[in-house]
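# Coordinates in review
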Amino acid sequence: MIDIRLLRENPDYFKEGAKKKGFDVDIDAVLELDAKRRAVQASVDRRKKELQDKSKRMKGPLSDDERRALQSELKSFSRAIKDDEAKLRELEEELKEKLLYIPNPPMDDVPVGSDESDNVELRREGKPPEFDFEPLDHLDLGLKHGLFDIERGVKVAGSRSYYLKGYGLMLENALMRYAIDVLMERGFTPFSTPVIVKEDAMIGSGYFPVGREEAYAIEKDDLYLIGTSEVTLVSYHMGEILNEEDLPLRYAGYTTCFRREAGSYGKDVRGLYRVHQFQKVEQVIICRNDEKEMLKYHNELLSNAEYIIKSLGLHYRVVEVCTGEMGLGQVKKHDIECYMPGRGGFGETHSCSSFRDFQARRARIRYKNSSGKNVYPYTLNNTAVASPRLLIAIIESYQTKDGSIKIPDVLVPYMNGLKKI
RNA sequence: GGAGAGAUGGCUGAGUGGUCGAAAGCGGCGGUCUUGAAAACCGUUGUCCCUCUCGCGAGGGACCGUGGGUUCGAAUCCCACUCUCUCCGCCA
């Protein structure tokens, strides 16, 4: 949610922001609605005061006739105010709904662009694996070692579904547990969270109403499956007033994630790259309302992820995401893409986003600052590890000539000492 | 799933038609006292919106789970919903 006051002061900033991000919204219509709402509110407030003052006379000494006359006068006055109050509520609802669609303008230094091709590669780290044999892709490797079963996944659950089994499951578990340990060491509190949530949590974290199509809905109960634990970690403090001295809050969520992948038919259909259900450890930071701090933590989230990938020995690149590829609320975003030999290129495994106060406003999370004012904190998040996507990069990169898969050193302890599959 | 109880400010908890944004206690903040701290005492302490003002601020409205209703007037009466708790049943 954007700040309506800022919108009033500087509509062009928001118009330009929406344009850069490629969202089509009618800012002027919102401003008009806002002006109307304020006018009606002023009038209602004034007449309510008048009604209250006149109502007080009912208590005083009056003759029966006077009382009856006053009562009927007030009755019609009260009715009229109620009508306008209903109108005011309608306007408020309408305005609130419209505001949910207005994008948070990106930071000024974000590269302007319309799609992936306009993203800017910042750096590459590590080295691509070299093979003196014909490497297999993760599908063949998985089949060979019985790490997963896609065919039966599809039989049971439909397209983009899979079973992980045997060492496939072990490896996923190892990866998750490793990421949690790294983050705990870095001051994050690990969470297992609900994966089925109310609409409020989806709106609060900015995934609804734009993006509604991406979520699985349990209509019977008005509940939704989360696509990331960012939803539940941000909503954790929904409606609360935090203590400034507790900030920044560092949370790590380990959950299953669900995505409908609507609108990506025919895209990445081979293997485990794009699936409806996956495991993820997500990092979330809630910090003070300060852009410098936000950027500092943005880099912290990025470097946590990079540390994990680097220690896994993977080749990757960091990409600054252009305006056209950003979501509604993000003001800055970096993707990390890991090298996947089977794709012959990089595939997105991590996404690091800063929101300023966009999510906090929606989720009504505040804290009292040093001058005693309630302000909205800033929120940020980044993937720590996501499986099976990261599994693809690992098993494809770590395959050896004899057909086995080496376990990355840092995961060996989590595999009970197993060094290769 | 069945039966019952309840939802009030940061927390506990009073309040059953106007003088209630709401007692009291706790907590928080400021002060007195003290070498310092504790204790004690005094004071202070909700959120949102609107209008005016460059600003400090001033004025007004709303908010007692949510939504509706009755009434000149609702925390208080009525209806619906949601949630929480207790007991029973079922269950990983």
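Keep in mind the model is a prediction, meaning the values are calculated, not measured.

So, about the packing of aromatic side chains. Under the criterion given, the structure shown has eight aromatic pairs. Here F131 and F133 contribute two aromatic rings whose centre-to-centre distance is 5.3 Å and whose plane-to-plane angle is 70°, an arrangement assigned as edge-to-face. For the ring pair Y236 and Y251, a centre distance of 5.7 Å and an interplane angle of 85° mean the geometry is edge-to-face. Of this pair, Y236 sits in the loop between α9 (230-235) and β8 (241-243) while Y251 sits in strand β9 (residues 249-258), placing them 15 residues apart in sequence. Its relative accessible area of 44% is what places Y236 among the partly exposed residues. Site record: aromatic cluster; members linked through ring pairs are F191, Y236 and Y251. The positively charged end of R186 is found above the aromatic ring belonging to Y307, 4.4 Å away from the centroid. In this arrangement the basic side chain of R343 is found over the ring face of Y273, its NZ or CZ atom lying 3.6 Å from the centre.

This next bit is on the domain arrangement of chain A. Partitioning chain A into structural domains gives domain 1 (4-99) and domain 2 (116-415). Counting residues at the interface gives four residues for domain 1 and nine residues for domain 2. Around 540 Å² of area is buried between domain 1 and domain 2 when both sides are counted, 49% of it from carbon and sulfur atoms. On the domain 1 side of the interface with domain 2, the three residues burying the most area are K20, K21 and F23, jointly 79% of the side's total.

As summarised here, the arrangement of the three strands in space is β8-β14-β15, forming an open sheet in which the pairing is mixed. Pairing within the sheet leaves two strands with one partner each, and these edge strands are β8 and β15 (374-375). Of the strand pairs in this sheet, strand β14 (residues 366-368) and β15 are connected by two bridges, and their pairing is antiparallel. Each residue of the ladder has a partner; that of Y367, found in β15, is V375.

Tracing the sequence through the fold places K333 in strand β12 (residues 332-340). Despite being buried, K333 has no salt bridge partner; D335 is the closest side chain of opposite charge, sitting 4.8 Å away. If sequence neighbours within four positions are ignored, K333 has contacts with H298, V319, E320, V321, E325, M326, S351, C352 and S353.

Next up on the list: the pattern of salt bridges. If you walk through the whole model with that rule in mind, you get 36 salt bridges. When the shortest N-O distance is used, the salt bridge between D181 and R177 registers 3.1 Å. Within this pair, D181 and its partner R177 are both found in helix α7 (residues 167-185), separated by four residues, close to a single helical turn. With relative accessibility at 45%, the residue R177 sits in the partly exposed group. For K280, the salt bridge is made with E282, and the minimal N-O distance between the two is 2.7 Å. We classify E282 as buried; its relative accessible area is 2%. Taken together, the shared-partner salt bridges in this structure form one network comprising R8, D34, R37 and R38.

Reading the values: the criteria
- Residues numbered from 1 in each chain as written.
- Chains lettered and ligands numbered in written order.
- Predicted model: local features only at pLDDT ≥ 70, side-chain atom pairs only at ≥ 80, totals over all residues.
- Heavy atoms only, no water.
- Phe/Tyr/Trp six-rings, centres within 6.5 Å; stacked < 30°, edge-to-face > 60°.
- Helix = DSSP H or I, 4+ residues; strand = E, 2+ residues; numbered from the N terminus.
- Buried < 20%, exposed > 50% of the residue type's maximum accessible area, 1.4 Å probe, protein only.
- Lys NZ or Arg CZ within 6 Å of the ring centre and 35° of its normal.
- Domains from an automatic or database assignment.
- Contact = heavy atoms within 4.5 Å.
- Buried area = accessible area lost by both parts, 1.4 Å probe.
- Pairing = 2+ DSSP bridges.
- Lys, Arg positive; Asp, Glu negative; His and termini not counted.
- Salt bridge = Lys/Arg side-chain N within 4 Å of Asp/Glu carboxyl O.

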